[in-house]
Amino acid sequence: MKLSLGLLPLFFYGIIQAGTLNQLNKEQAPFKLPELGYKTSALAPAIDEATMQTHHGKHHKAYVDKLNGAMAENKSQISLLQILKSTKNFSMAVRNNAGGHWNHSFFWSILSPDAGKSKISKELAARIDKDFVSLEKMKEQFEKQSLDIFGSGWAWLIVGKDGSLKITSTPNQDNPLMDVVAPQGRPILGLDVWEHAYYLNYQNKRADYVKAFWGLVNWQQVSDYYSEKP
Ligand code: MN
């Protein structure tokens, strides 16, 4: 008994320190712009350095700053995930900027310059085969969803409440964790299709950007999110 109680703090310490998504979900005001896990030039040519510098350093930073501004009027100290799950109780500024902060932090985390070396887990591959027939078919459907988004938004691969995978999209900076979004689910893959994400390099050719995105996807990270190892 003494032994197990003694090990308990280590056990919890391990979970809390486990990773970026867990920390992101638990983050409270004042929110901070996270570091990228790679250089802004590291994703080129799929995503060029100038786009990454502006996207992370200006756009994402603006969501963080505006979220802090909007939450300053709000005395409640709640986590980012709790904000997303209760956006009905907040202003549009909180909804847009909390979504913007979460979505971009998540997006950076599933990209990698070494994506080619990353492997999808057997567990996730099997579930994709079950719900989409094959990884290739899932990618086709995800690409179609990305191209069908009118205006600014995000395409997502989510785990629904029944455990099945679904491809969805949200407008603006909404995401499938939000109380106001249907269908809801846990994102394990997401793609920013706002023009600021690709226009410098691809202009109006969103389809080329979406194709290039696959070369950056860190399937190990996506698999970990699927297995709820954030
Ligand atoms: Mn963006």
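Note that the coordinates shown come from a computational prediction; the quantities given were computed from them, not determined experimentally.

The rules behind the values
Residues numbered from 1 in each chain as written. Predicted model: local features only at pLDDT ≥ 70, side-chain atom pairs only at ≥ 80, totals over all residues. Heavy atoms only, no water. Pairing = 2+ DSSP bridges. Helix = DSSP H or I, 4+ residues; strand = E, 2+ residues; numbered from the N terminus. Axes fitted to C-alpha atoms, helices over the stretch in contact; angles between N-to-C directions. Phe/Tyr/Trp six-rings, centres within 6.5 Å; stacked < 30°, edge-to-face > 60°. Buried < 20%, exposed > 50% of the residue type's maximum accessible area, 1.4 Å probe, protein only. Donors = N, O, S within 2.8 Å, 3.2 Å for Na, K, Ca; no water. Salt bridge = Lys/Arg side-chain N within 4 Å of Asp/Glu carboxyl O. Parallel < 35°, antiparallel > 145°, perpendicular 65-115°, else oblique. Contact = heavy atoms within 4.5 Å. Nonpolar A, V, L, I, M, F, W, Y, C, P; charged D, E, K, R; others polar.

Q: Give me the sheet that holds strand β1 (residues 153-159): which residues, what numbers.
A: Remark on secondary structure: sheet strands pair via backbone hydrogen bonds, oriented parallel or antiparallel. Here three strands make up an open sheet; going across it, the order is β2-β1-β3 and the pairing antiparallel. At either margin of the open sheet sits one strand with a lone partner, and together these are β2 (165-171) and β3 (186-192). Geometrically, the sheet is characterised by an average inter-axis angle of 25° between neighbouring strands, direction not taken into account. Of the pairings in the sheet, the one linking β1 to β2 comprises seven bridges and is antiparallel in character.

Q: Got a sec to walk through the packing of aromatic side chains? Specific residues and values, please.
A: Going through the model one piece at a time under the given rule, you end up with 14 aromatic pairs. Pairing F107 with W108 gives two aromatic rings, centres 5.6 Å apart and planes at 40°, and the pair type is tilted. Exposure class is identical for F107 and W108. Each is buried. Clustering of aromatic rings is evident, with ring pairs tying together W102, F106, F107, W108, F142, W154, W156, F213, W214, W219 and Y225.

Q: Any chance you could break down the coordination of the manganese ion for me, citing the residues and the numbers?
A: Working reference: metal with six octahedral donors, ideal angles 90 or 180 degrees; metal with four tetrahedral donors, ideal angle 109.5 degrees. Distances from the manganese ion to its protein donors, H55 (NE2), H104 (NE2), D192 (OD) and H196 (NE2), fall within 2.0 to 2.1 Å. As a motif over one chain, the donors of the manganese ion read H-x48-H-x87-D-x3-H. Taken together, the residues H55 in helix α3 (residues 49-72) and D192 in strand β3 connect sequence positions 137 residues apart. A residue is classified by how much of its surface remains accessible, and D192, at 0% relative accessible area, is buried.

Q: Can you explain the pattern of salt bridges? Please cite residues and give values.
A: Under the criterion given, the structure shown has eight salt bridges. Of the charged contacts, one joins E136 and K139 as a salt bridge, the two residues approaching to 4.0 Å between their closest N and O atoms. A residue pair is termed a helical-turn pair when its members lie 3 or 4 positions apart in one helix, as E136 and K139 do in helix α7 (residues 135-148) at three residues.

Q: Describe unusual backbone geometry, listing the residues and the values that go with them.
A: Trans is the common state for peptide bonds, and a negative phi is the common state for residues other than glycine. Residues A44 and P45 are joined by a peptide bond in cis, for which omega reads 5°. The peptide bond linking A182 to P183 adopts the cis configuration, its omega dihedral lying at -5°. Along the polypeptide, P183 turns up in the loop between β2 and β3. Its identity is not glycine, yet V133 carries a phi of approximately 80°, on the positive side. Here V133 shows up in the loop between α6 (122-132) and α7.

Q: How would you sum up the packing of α6 against helix α10 (residues 219-226)? Please name residues and give values.
A: Taken N-terminus to C-terminus, the directions of α6 and α10 make an angle of 80°; their axes are 9 Å apart at the nearest point. For the element pair α6 / α10, the angle class is roughly perpendicular. Between α6 and α10, the residues in contact are E123, L124 and R127 and V222, S223 and Y226, respectively. Class assignment for the residues of the contact of α6 with α10 results in three nonpolar, one polar and two charged.

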